[in-house]
Amino acid sequence: MANPKSGRILDRIVVLDSHTEGEPTRVVVNGAPDLGAGTARDRARRFASAHRAFMRSVVTEPRGHDAVVGALLLEPTSADAVAQVIFFNNVGCLHMCVHGTIGVAETLVHLGRIDGGRHRLETPVGDVWFELLSDGRVAVDNVPSRRAQSRVEVTTERHGTLRGDVAWGGNWFFLIDDPRARIGPQEIEALTDLTWDIRQSLRRSGVTGSDGLEIDHVEVFGRPDNDGAMSKNFVLCPGKAWDRSPCGTGTSAKTACLAAAGKLEPGESFVQESTIGSCFEASYRNATVDDELPESITGDGPWIVPTIRGRAYMTGETTLLLDSADPFRCGFVSDRDPERP
């Protein structure tokens, strides 16, 4: 829309903001580019290849910050799905995002599109289900997850040789258990340096997910502070932002590792604490022939379907303005992950 006084164009993007256990989600409800028809995977590929400037406009400075996760809300292809969603952050599209799914669920309630029950959501890595619980939480049945490798050794530049598990929870993770690790807001700088060093070392060493995709999330576990929690985590996401929530896909990956190691039984509850002290509750069931399993992801543990429970809160209704004369109308070009396109 043109400003009659200046003649400059002001594009408008309508978003709804929420946070899930501290981690922000920004749902785009109007003003997104036309991605055509197709599955969430097809649309995500078009979005990633042609609309990086739009992503930066929504989630990076000066309108956002590195921790903001965007969610593009689209019409579903299946009649029994409530919506289709594509998640993205400061460096590009994400495969899946559980905290974002909880935020989307709360946003759909806010919009009056759902009012309870169990709902199907289409994502680029498969359909997930979420349920609005009576206590105000949302339970997400995530995509099937699995530990792909255990005790993988990686030699870092600044932190010596470390061992961890490689697991899929909707994104690829490298998970390190260290009971001595101190995890909290005071240690964020040191933990960021450690996990970024690990991620760069994984890339240099050619350690990938079993489908050849990059391991772009690194998760460190230490002793919890909250009563009832079983571990506390720090998660470094793509783009070098740390997750304020316990990370839903990361908690799914952790649950898969516990299941593979025989440390968690189906239906048993596991509580994961975040860096800031918020919590997700997880459980799982064993996958069946009716579950859609990605054939390329192999490993030595069982396929599971994790369920993650957490709470989201609405924080804003905003119209973002993109001024044609603004040199930073599309945000700042991120240097957080220079090897990404």
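We now turn to the structure provided with this report. (Residues numbered from 1 in each chain as written. Predicted model: local features only at pLDDT ≥ 70, side-chain atom pairs only at ≥ 80, totals over all residues. Heavy atoms only, no water.)

**Section: the overall build of the protein**
Alright, step 1. The number of helices and strands found in the protein is 5 helices and 17 strands.
Alright, step 2. A compact globule built from 341 residues would reach a C-alpha radius of gyration of about 20 Å, and the protein, at 19 Å, matches this within 12%.
Alright, step 3. Seen through its principal axes, the protein has C-alpha atoms that stretch 65 × 45 × 40 Å.
Alright, step 4. For the protein, the residues scored as buried account for 55% of the 341 residues in total.
Alright, step 5. Contacts in the protein between residues at least 24 apart in sequence constitute 66% of all its contacts with a sequence separation of at least 6.
Alright, step 6. Roughly 14500 Å² of accessible area belongs to the protein as shown, and the carbon and sulfur atoms make up 47% of that amount.
Alright, step 7. Counting 37 positive and 48 negative side-chain charges, the protein places the averaged centre of each group 4 Å from the other. (Helix = DSSP H or I, 4+ residues; strand = E, 2+ residues; numbered from the N terminus. Rg over C-alpha atoms; globule rule 2.2 N^0.38 Å. Buried < 20%, exposed > 50% of the residue type's maximum accessible area, 1.4 Å probe, protein only. Contact = heavy atoms within 4.5 Å. Areas by Shrake-Rupley, 256 points an atom, 1.4 Å probe, with all protein chains shown as cover. Lys, Arg positive; Asp, Glu negative; His and termini not counted. Charge placed at Lys NZ, Arg CZ, Asp CG, Glu CD.)

**Some words on the nonpolar core**
Alright, step 1. Counting residues in hydrophobic clusters, the biggest one holds 60 residues, and the most contacted among them are Phe87, Val104, Leu121, Phe130 and Phe174.
Alright, step 2. Ranked by residues supplied to this core, first place goes to helix α4 (residues 188–205) with 6 residues.
Alright, step 3. Other than its neighbours up to four places away in sequence, phenylalanine 87 contacts Val69, Gly70, Ala71, Cys93, Leu94, Met96, Cys97, Gly100, Thr101 and Val104. (Core = buried A, V, L, I, M, F, W, Y, C linked by side-chain atoms within 4.5 Å.)

**A few points about the packing of aromatic side chains**
Alright, step 1. According to the stated counting rule, one finds 4 aromatic pairs in the structure shown.
Alright, step 2. Clustering of aromatic rings is evident, with ring pairs tying together Phe47, Phe54 and Phe88.
Alright, step 3. Over the ring of tryptophan 242 we find arginine 244; its NZ or CZ atom is 4.0 Å from the centre of that ring.
Alright, step 4. Here lysine 254 stacks its cationic end above the ring of phenylalanine 221, 4.2 Å away from the centre of that ring. (Phe/Tyr/Trp six-rings, centres within 6.5 Å; stacked < 30°, edge-to-face > 60°. Lys NZ or Arg CZ within 6 Å of the ring centre and 35° of its normal.)

**Focus on helix α2 (residues 52–59)**
Alright, step 1. Burial runs high along α2: 6 of the 8 residues are buried.
Alright, step 2. If you check which residues of α2 are buried, you get Phe54, Met55, Arg56, Ser57, Val58 and Val59.

**A word on the environment of alanine 256**
Alright, step 1. Residue position: alanine 256 is located in helix α5 (residues 248–260).
Alright, step 2. Along the sequence, alanine 256 and threonine 161 sit 95 residues apart, while their C-alpha atoms lie 24 Å from each other.

**Observations concerning the pattern of salt bridges**
Alright, step 1. Taken as a whole and judged by the stated rule, the model has 22 salt bridges.
Alright, step 2. Between arginine 147 and aspartate 165 there is a salt bridge, with its nearest N and O atoms 3.9 Å apart. Within this pair, whereas arginine 147 is found in strand β9 (residues 146–155), its partner aspartate 165 is found in strand β10 (residues 161–168), the two being separated by 18 residues in sequence.
Alright, step 3. The class of arginine 147 is buried, set by a relative accessible area of 10%.
Alright, step 4. Judged by its relative accessible area of 16%, aspartate 165 is buried.
Alright, step 5. With a closest N to O distance of 4.0 Å, aspartate 197 and arginine 158 form a salt bridge. Here arginine 158 lies in the loop between β9 and β10 and aspartate 197 lies in helix α4, a separation of 39 residues in the sequence.
Alright, step 6. By relative accessible area, which is 45% here, arginine 158 ends up partly exposed.
Alright, step 7. Members of the salt-bridge network, linked through shared partners, are Glu157, Arg158, Asp193, Asp197 and Arg204. (Salt bridge = Lys/Arg side-chain N within 4 Å of Asp/Glu carboxyl O.)

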